[in-house]
Amino acid sequence: MNNQGLLTTIPAAITLCLVLAGCGGEFAYKRGAGVHDLNTAKNACQAQGLQGNAFAQCMENNGWVFHNPQDNLDDDDPVIKASLKNDYRDTSTVQEPAPVVAIAADAKTSVTQESPAPAPKSPLDMFTVSSWWKIGRGADNLKADIQQCVAKLGPEHQPDMSGTTAKASRGLLLCMRELGWKALQAQ
């Protein structure tokens, strides 16, 4: 396939996926995969009894970019994270770090220290966004909604759109999410 065909096929496929997913439905994408591949991966994750974010992680571990907005209503990171690996055969699971145990000098008592609480997330934390999505909206609507959010939040939330990706603040992304936009995080 020539480059011109590729340039029209990929956006058409992504648009079709978004239309089929509906306004509030899940989004799943894996380069070169079809509906059968998606159903196989979903069935494998469902067979493990996984739901919510654990289900999404299972799909990502199988090579899918997967997002269900219903699972992330309280998510402070308002970007869809692309899962890009060279080898998706890794079946290891992520384990929680064990608490640190300090043994006292007399060796009769031990003290368990919990990991420190994560620092609060700042609305000025920056994310790199490769693309923005909202059904039925285009570039002009995106620019208008970004300016609406910047006017609401302040000039420090103006995104850097100078390259092939955008650098946007958490505050801007949360505001854009309220307006119905989804942001795909660049790797």
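Placed above this text is the structure.
Anyway, here's the lowdown on the structure attached to this text.

Another aspect to go through is the state of the cysteines. Under the definition given, this model contains two disulfides. Across a sulfur-sulfur distance of 2.1 Å, cysteine 45 and cysteine 58 are joined as a disulfide pair. Across the S-S bond linking cysteine 45 and cysteine 58, the dihedral sits near -85°, which makes this disulfide left-handed. Residue cysteine 45 is located in helix α2 (residues 35-47), and its partner cysteine 58 is located in helix α3 (residues 52-61); the two are separated by 13 residues in the primary sequence. Judged by relative accessible area, cysteine 45 falls into the buried class, the value being 0%. When its relative accessible area of 8% is taken as the criterion, cysteine 58 is described as buried. Here cysteine 149 engages in a disulfide with cysteine 175; their sulfurs sit 2.1 Å apart. Looking down the S-S bond of the cysteine 149 and cysteine 175 bridge, the torsion is -85°, so its handedness is left-handed. Pair noted here: cysteine 149 is in helix α4 (residues 139-153) and cysteine 175 is in helix α5 (residues 170-178), with a separation of 26 residues, a long-range link. You'll find cysteine 149 and cysteine 175 in the same group, each marked buried.

In terms of nonpolar packing, the biggest core is built from 15 residues, with Val129, Trp132, Leu172, Leu173 and Met176 touching the most fellow members. Excluding residues within four positions of it along the chain, methionine 176 makes contact with Trp132, Leu142, Asp145, Ile146, Cys149 and Trp181. By size, the runner-up hydrophobic cluster in this structure holds 10 residues, among which are Ala41, Cys45, Ala56 and Phe66.

Here α4 is 15 residues long and its end C-alpha atoms lie 21 Å apart, about the 21 Å a rise of 1.5 Å per residue gives. The complete set of buried residues in α4 reads Leu142, Asp145, Ile146, Cys149 and Val150. Projection of α4 onto a plane perpendicular to its axis shows the buried side chains occupying an angular sector of 140°, all on one side. When the buried face of α4 is taken as reference, the exposed residues oriented beyond 90 degrees from it are Asp140, Lys143, Ala151 and Lys152. Looking at the buried residues of α4, the elements they touch are β6 (126-133) and α5.

Thresholds, definitions, all that
Residues numbered from 1 in each chain as written. Predicted model: local features only at pLDDT ≥ 70, side-chain atom pairs only at ≥ 80, totals over all residues. Heavy atoms only, no water. Disulfide = S-S within 2.5 Å. Helix = DSSP H or I, 4+ residues; strand = E, 2+ residues; numbered from the N terminus. Buried < 20%, exposed > 50% of the residue type's maximum accessible area, 1.4 Å probe, protein only. Core = buried A, V, L, I, M, F, W, Y, C linked by side-chain atoms within 4.5 Å. Contact = heavy atoms within 4.5 Å. Expected span 1.5 Å × (residues − 1). Arc of directions from axis to C-beta.

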